[in-house]
Amino acid sequence: MKIAIITETFLPSTDGVVTRLKESIKYLRNQEHEVVVIAPDFGVTEYEGAIVEGVKTTKMPFYRYREFSLPQRRVKDLLQKHNPDLVHVVNPALVGVSGVYYADKLDYPLIASYHTHVPKYLDYYRLYPFKPLVWWYFRKLHNYADVNLCTSRAIKKELDEKNFHNVSVWDRGVAVDHYHPRHKSEEMRERLSAGRKDNKLLVFVGRLAPEKEIHKIKPLLEKRDDISLAIVGDGPVKDELEETFKDTNTVFTGLMHGEELAQAFASSDALIFPSVTETLGLVILESMASGLPVIAAKSGPTMEQVEDGKTGLLFENENTESMIQAIERLEDEELYQTLCKNARQEAEKYSWQKPSEQILEYYYKTLKVYEEQAATTSKKSKVKVTE
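Residues numbered from 1 in each chain as written. Predicted model: local features only at pLDDT ≥ 70, side-chain atom pairs only at ≥ 80, totals over all residues. Heavy atoms only, no water.

(A) Layout of the UniProt feature "domain: Glycosyl transferase family" (unreviewed entry) in the protein. UniProt records the feature "domain: Glycosyl transferase family" (unreviewed entry) for residues 196-345 in the present numbering. Between the end C-alpha atoms of residues 196-345 there is a gap of 29 Å, over a span that is 39% helix and 19% strand. (UniProt positions renumbered as here; feature names shortened; annotations may be inferred. Helix = DSSP H or I, 4+ residues; strand = E, 2+ residues; numbered from the N terminus.)

(B) The pairing of strand β4 (residues 50-55), seen in detail. Burial runs high along β4: five of the six residues are buried. Where strand β3 (residues 46-47) and β4 come together, two bridges link them in antiparallel fashion. By the bridge assignment for β4, Tyr47 is matched with Ala50. (Buried < 20%, exposed > 50% of the residue type's maximum accessible area, 1.4 Å probe, protein only. Pairing = 2+ DSSP bridges.)

(C) Representation of the packing of helix α11 (residues 282-289) against helix α14 (residues 333-347) within the structure. Running from amino to carboxyl end, α11 crosses α14 at an angle of 120 degrees, the nearest separation of the two axes being 7 Å. As α11 packs across α14, the resulting crossing turns out to be left-handed. The residues of α14 that touch α11, namely those facing Leu285, Met288 and Ala289, are Ala343, Arg344, Glu346 and Ala347. A class-by-class count of the residues in the contact of α11 with α14 yields five nonpolar, no polar and two charged. (Axes fitted to C-alpha atoms, helices over the stretch in contact; angles between N-to-C directions. Left-handed = near helix turned anticlockwise from the far one by under 90°. Contact = heavy atoms within 4.5 Å. Nonpolar A, V, L, I, M, F, W, Y, C, P; charged D, E, K, R; others polar.)

(D) Broad picture of the environment of Val36. Along the chain, Val36 falls in strand β2 (residues 34-40). Remark: the alpha-carbon pair of Val36 and Glu46, spanning 10 residues in sequence, is separated by 9.0 Å. In this view, Val36 contacts Ile3, Ala4, Ile5, Ile51, Glu53 and His82; residues no more than four positions away in its chain are not counted.

(E) Molecular detail of the nonpolar core. In this structure, Ile38, Leu79, Val87 and Leu159 are the most contacted members of the largest nonpolar core, which totals 32 residues. A total of five residues in this core trace back to one element, the largest contributor, which is helix α3 (residues 95-105). In contact with Ile38, other than residues within four places in its own chain, are Ile5, Ile6, Thr7, Glu53, Val55, Val75, Leu78 and Leu79. (Core = buried A, V, L, I, M, F, W, Y, C linked by side-chain atoms within 4.5 Å.)

(F) Up close: the confidence of the model for the protein. For the protein, the average pLDDT comes to 94, and 97% of its residues sit at 70 or higher. Note on residues 379-387: pLDDT is under 50 here. Beyond four places in sequence and across chains, it has 18 contacts. (pLDDT = per-residue confidence, 0-100.)

(G) Here's a closer look at the sheet that holds strand β15 (residues 294-297). With parallel pairing, the six strands of this open sheet are ordered in space as β13-β12-β11-β14-β15-β16. Looking at strand neighbours, the two that pair on one side only are β13 (250-254) and β16 (312-315), the edges of this open sheet. Ignoring which end each strand starts from, the neighbouring axes of this sheet average 25 degrees apart. Where strand β11 (residues 200-205) lies against strand β14 (residues 270-273), two bridges are found, and the strand directions are parallel. Across the sheet, Leu202 pairs through a bridge with Ala270, a residue of β14. Along the sheet, helix α13 (residues 320-328) contacts β11, β12 (227-232), β14, β15 and β16; its crossing angle with β16, the most-contacted strand, is approximately 165 degrees.

(H) Seen up close, the pattern of salt bridges. According to the stated counting rule, one finds 25 salt bridges in the structure shown. Measuring nitrogen to oxygen at the nearest pair gives 3.6 Å for the salt bridge that ties Glu213 to Lys216. Each member of the pair, Glu213 together with Lys216, is buried. Asp226 is the salt-bridge partner of Arg224, the closest N and O atoms lying 2.8 Å from each other. A relative accessible area of 14% means that Arg224 is categorised as buried. Here the salt bridges do not stand alone but share partners, grouping Glu53, Arg74 and Lys81 into one network. (Salt bridge = Lys/Arg side-chain N within 4 Å of Asp/Glu carboxyl O.)

Have a look at this one:
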């Protein structure tokens, strides 16, 4: 099979979407399928034997932290050049619109996956009056697809209620060998805690953006000077957050990757996850694989991954006292050790093998749905276009 993946984000960016795509591509290539990735042009031309075709990028006035690729005709040219058996549009929003449009026009089987809960984000950018319009936009895009995917049961329920068609869950995964308690490092702990190694060390890992709600952690640090926070990542509100946390026990590390990130997880005491806008939150599994309990705000996706009192501790969103009480439960050493052990054991159930196998199954399902629809609607069969 030849698969064209059109994505709003890819290497060298690092986020949950890129991590998932990397693992999927490695598996597909090992199974000897051809893969072409059409993504914003940041200089990457190949990954694990997959061709990466870059498309023009531009900066958006409302989000100057990173560049995006807008809808463009080049996507059609690339689809005709590579002539795939199937098109997978990941997170259709900007350049993905071209993927959806041209896959439909050129009559390719189409699968789309929903990874970023943009309608929910609008609450954090004072754009909530536009939520009905944004829901309409994403529903229209996704309903061109023969098959749609999302990353949690909670989001599937919401998409079903919004009348997205034919939605299934693409399971979560984690690099269980890479993220592991053995990466614990006293040197890294000293760095993350600014020398306060005896403090309880909480780590946040992710993009520094309003919807991550990182500011909600500050009251905890104001109340407890025996707690330190390491914020790992970068993003558009980094300067603002540095100002917010300047008089607290907080260290901003910037971006971390590979071995360094694995050490950051394993050298901390718990992951703190204040966001309720995630469609999944892969850092939750990464921290659990590292033997860390997760302290998370309650939301559908977090409650699917974190069992309160077993693999982590949950608190009520926007409730500082509830968050403080959750942290206080970590003082119970027996409970803490149980949480650490259970977190690692739970993560071991979720290697990337299953979701990687699963995406190939969904590709075959997409081809089947496409063929069935073609038969029932007397659709003309796809005309192969050569280079």
